[in-house]
Amino acid sequence: MQTQLTEKVFKALESFRIEIPSWGFANTGTRFGKFMQPAAAGTIEEKFSDAGQVHSLTGVCPAVALHVLWDFPHGLDSIHEVSALADKYGVRPGSINPNLFQDQIYKHGSFGSPDAKARDEALEHAKDSIAIARGLRSRDISFWFADGSNYPGSANIRQRKKYFEECLKAAHETLSAEQRMLVEYKPFEPAFYHTDIADWGMALLLARAAGKQAKVLVDTGHHYLSQNIEQIVAWLLAENMLGGFHFNDRRYADDDLTLGSIDPYQVFRIFHEILFFEWEEGQRADIAYMIDQSHNLKGKIEAMIQTVNMAQELFAKASLVDYERLAAAQKVSDIVRAEGCLQDAFANDVRPAIREWRVSKGLPENPQDAFRQSGYLERIAGERGARNLSNAGSYA
Ligand code: RM4
Ligand code: MN
Ligand code: MN
């Protein structure tokens, strides 16, 4: 017989899916250098193969986020190949991420650049990305901009805001009815004086200026230290402007550490705000949960499985909050009882219930162990090792 806890956890897990990023399987590094992993994916086929592993072991990662510049070598002409590879490995293309920061022309910005040629090129790329997404039946196009400046006085901040409004609007006009534009914000890096879309308020205003199908994307690593991210989430939900998440954890800045490795309670609080909203409104929030992590030190597939496990755990814990009790306590400002509702839910060990759910789905009880025993890692390290190790990058 199922206990009440198990029942609630099962229900939560049924509704929880999380998208994994193709770039999480490739060799990446810090700006000081790369440490190459023999098993890292070097081609789009290898990325899909690794993503397929994560999905087949966890059962909750059916979609893979793709970066246009890195995963579509022939732009729109790569659609067929990408879609065939997704099919081959049992996953589907997820959100499409334009790349508006790597080309030389973007040295002083993309949508915010004072150079009309750079803005035009950026807009063309944005439109191509939307067309690629449409060709793959991907709903979300996630826009992150590196735009900003390094020195006071060097950029016309208000003029750049206007350029952003114009370009986002023009891109939005090419969305089809079912597509969404997600606008991501980040306080600093690579620009260190001003960033054009530095916080959720700027992203919200720009999304509203762009059009009805634009929403805000919250990357958990893109906040100042100790910022109350769950409050941002609650406000965006209340405004019907929360489109999705890029999940990761951080200690200092945009560290891209494994979700929940530093502060699992914060992720729990974010999930709580979403589930509390759903309970109060009696409807599901339409949010894309995505991972944005790229591991240099941990094994890439292992780290991805660890992240998915942690996301499931924290989501399941958040679903155990007693909302009636919480709402009653909040109403009479019974602070200790209200806070206790969150603490009690967080203190539960949901791992046994998650294992039971996996077994009920025919999935391995422990995806990490199953991965280690599968021999997949040894096989790909053998196949890819020589190429990967001869490719070491350097800082300069
Ligand atoms: C940014 C941001 C974006 C990601 C780029 C590469 O910091 O998180 O989502 O696509 O990095
Ligand atoms: Mn991100
Ligand atoms: Mn980031």
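Above this text is the structure in question.
Attention in this report is confined to the structure presented alongside it. (Residues numbered from 1 in each chain as written. Chains lettered and ligands numbered in written order. Predicted model: local features only at pLDDT ≥ 70, side-chain atom pairs only at ≥ 80, totals over all residues. Heavy atoms only, no water.)

### Details of the side chain of Asn309
Thought 1: Its place among the elements puts Asn309 in helix H10 (residues 300-318).
Thought 2: Polar side-chain contacts of Asn309 include one of 3.0 Å to the side chain of Arg358. (Helix = DSSP H or I, 4+ residues; strand = E, 2+ residues; numbered from the N terminus. Polar contact = N/O pair within 3.5 Å; in protein donor to acceptor, adjacent residues only side chain to side chain.)

### Comments concerning the coordination of the manganese ion (ligand 3)
Thought 1: The protein atoms that coordinate the manganese ion (ligand 3) are His222 (NE2), Asp254 (OD) and Asp254 (OD), at distances of 2.2 to 2.7 Å.
Thought 2: Between the manganese ion (ligand 3) and the manganese ion (ligand 2) there is a metal-metal distance of 3.9 Å. Linking His222 in the loop between strand S10 (214-219) and helix H8 (229-238) with Asp254 in the loop between strand S11 (242-247) and helix H9 (264-281), this pair joins segments that are 32 residues apart in sequence.
Thought 3: Residue class for Asp254 comes out partly exposed when judged on its relative accessible area of 22%. (Donors = N, O, S within 2.8 Å, 3.2 Å for Na, K, Ca; no water. Buried < 20%, exposed > 50% of the residue type's maximum accessible area, 1.4 Å probe, protein only.)

### Section: the nonpolar core
When a protein is soluble and globular, its nonpolar side chains tend to lie buried together.
Thought 1: Core analysis: the largest hydrophobic core is formed by 106 residues, its most contacted members being Phe245, Phe271, Ile274 and Tyr289.
Thought 2: Tallying contributions element by element places H10 first for this core, with nine residues.
Thought 3: Setting aside residues up to four positions removed in sequence, Ile274 forms contacts with Val233, Leu237, Phe245, Ala285, Ile287 and Tyr289. (Core = buried A, V, L, I, M, F, W, Y, C linked by side-chain atoms within 4.5 Å. Contact = heavy atoms within 4.5 Å.)

### Things to note about the pattern of salt bridges
Side-chain pairs of opposite charge can arise where the charged atoms are in close proximity.
Thought 1: For the structure on display, the rule yields 20 salt bridges.
Thought 2: For Asp71, the salt bridge is made with Lys47, and the minimal N-O distance between the two is 2.7 Å. Here Asp71, found in helix H3 (residues 68-71), pairs with Lys47, found in helix H2 (residues 44-58); they are 24 residues apart in sequence, far enough to count as distant.
Thought 3: Residue class for Asp71 comes out buried when judged on its relative accessible area of 0%. (Salt bridge = Lys/Arg side-chain N within 4 Å of Asp/Glu carboxyl O.)

### Let's talk about the side chain of Asp71
Thought 1: Side chain to side chain, Asp71 and Ser22 meet in a polar contact 2.5 Å long.
Thought 2: In contact with Asp71, other than residues within four places in its own chain, are Ser22, Ile44, Lys47, Leu66 and Val82.

### Looking at the coordination of the manganese ion (ligand 2)
Metal coordination angles have textbook ideals: 109.5 degrees for a tetrahedral set of four donors and 90 or 180 degrees for an octahedral set of six.
Thought 1: Protein coordination at the manganese ion (ligand 2): the donors are Glu184 (OE), Asp219 (OD), His246 (ND1) and Asp292 (OD), at 2.2 to 2.3 Å from the metal.
Thought 2: Coordination at the manganese ion (ligand 2) is octahedral, judged from the six donor atoms that bind it and the angles of 72 to 165 degrees they form at the metal.
Thought 3: In primary sequence terms, the donor set of the manganese ion (ligand 2) follows E-x34-D-x26-H-x45-D. (Tetrahedral: all angles 85-135°; square planar, octahedral: opposite > 155°, others 65-115°.)

### So, unusual backbone geometry
Thought 1: Going from Glu189 to Pro190, the amide bond is cis rather than trans, its omega being 5 degrees.
Thought 2: Looking at the secondary structure, you find Pro190 in the loop between strand S8 (180-184) and strand S9 (194-195).
Thought 3: A positive phi is found at Glu189, a non-glycine position, where the angle reads about 80 degrees.
Thought 4: With respect to the secondary-structure elements, Glu189 resides in the loop between S8 and S9.
Thought 5: Given the relative accessible area of 33%, Glu189 is considered partly exposed.

### Brief notes about the packing of aromatic side chains
Thought 1: Scanning the entire structure with this criterion turns up 28 aromatic pairs.
Thought 2: A ring pair is formed by Tyr289 and Phe315, whose centres lie 6.1 Å apart and whose planes are at 70 degrees; its orientation type is edge-to-face. Taken together, the positions of Tyr289 in strand S12 (residues 288-291) and Phe315 in helix H10 put the pair 26 residues apart, joining distant regions of the chain.
Thought 3: Given the relative accessible area of 3%, Phe315 is considered buried.
Thought 4: Of the aromatic side chains, those joined through ring pairs into one cluster are Phe16, Phe245, Phe247, Phe271, Tyr289 and Phe315. (Phe/Tyr/Trp six-rings, centres within 6.5 Å; stacked < 30°, edge-to-face > 60°.)

### Topic: a negative patch on the surface
Thought 1: A cluster of acidic side chains, namely Asp103, Asp115, Asp120, Glu121, Glu124 and Asp128, defines a negative patch on the protein surface.
Thought 2: With respect to the element layout, Asp103 can be found in the loop between strand S5 (92-97) and helix H5 (116-135).
Thought 3: Since its relative accessible area comes to 33%, Asp103 is described here as partly exposed. (Patch = residues over 30% accessible without salt bridge, like charges linked within 9 Å, V, L, I, M, F, W, Y side chains within 5 Å. Areas by Shrake-Rupley, 256 points an atom, 1.4 Å probe, with all protein chains shown as cover. Lys, Arg positive; Asp, Glu negative; His and termini not counted. Charge placed at Lys NZ, Arg CZ, Asp CG, Glu CD.)

### Thoughts on the site of ligand 1
Thought 1: Surrounding ligand 1, one finds His67, Phe101, Trp144, Glu184, Lys186, Asp219, His222, His246, Asp254 and Asp292.
Thought 2: At 3.1 Å, a side-chain N or O of His67 approaches an oxygen atom of ligand 1.
Thought 3: Measuring from an oxygen atom of ligand 1, one finds a side-chain N or O atom of Asp219 at 3.1 Å.
Thought 4: Here ligand 1, which alone exposes 290 Å², has 86% of that area covered by the protein.
Thought 5: Residue composition of the shell around ligand 1, by class: two nonpolar, three polar and five charged. (Near = heavy atom within 4 Å. Nonpolar A, V, L, I, M, F, W, Y, C, P; charged D, E, K, R; others polar.)

### Structural notes on helix H1 (residues 4-15)
Thought 1: For H1, spanning 12 residues, the distance from its first C-alpha to its last is 17 Å, which sits close to the expected 16 Å at 1.5 Å a residue.
Thought 2: Buried residues of H1: Thr6, Val9, Phe10, Ala12 and Leu13, and no others. Along the long axis of H1, the arc covered by the buried residues comes to 165 degrees, so they all point the same way. Summarising the geometry of H1, the exposed residues directed more than 90 degrees from the buried face are Gln4 and Lys11.
Thought 3: Next to the buried residues of H1 lie H10 and helix H13 (351-360). (Expected span 1.5 Å × (residues − 1). Arc of directions from axis to C-beta.)

All quantities given are derived from atomic positions and should not be read as evidence of function.
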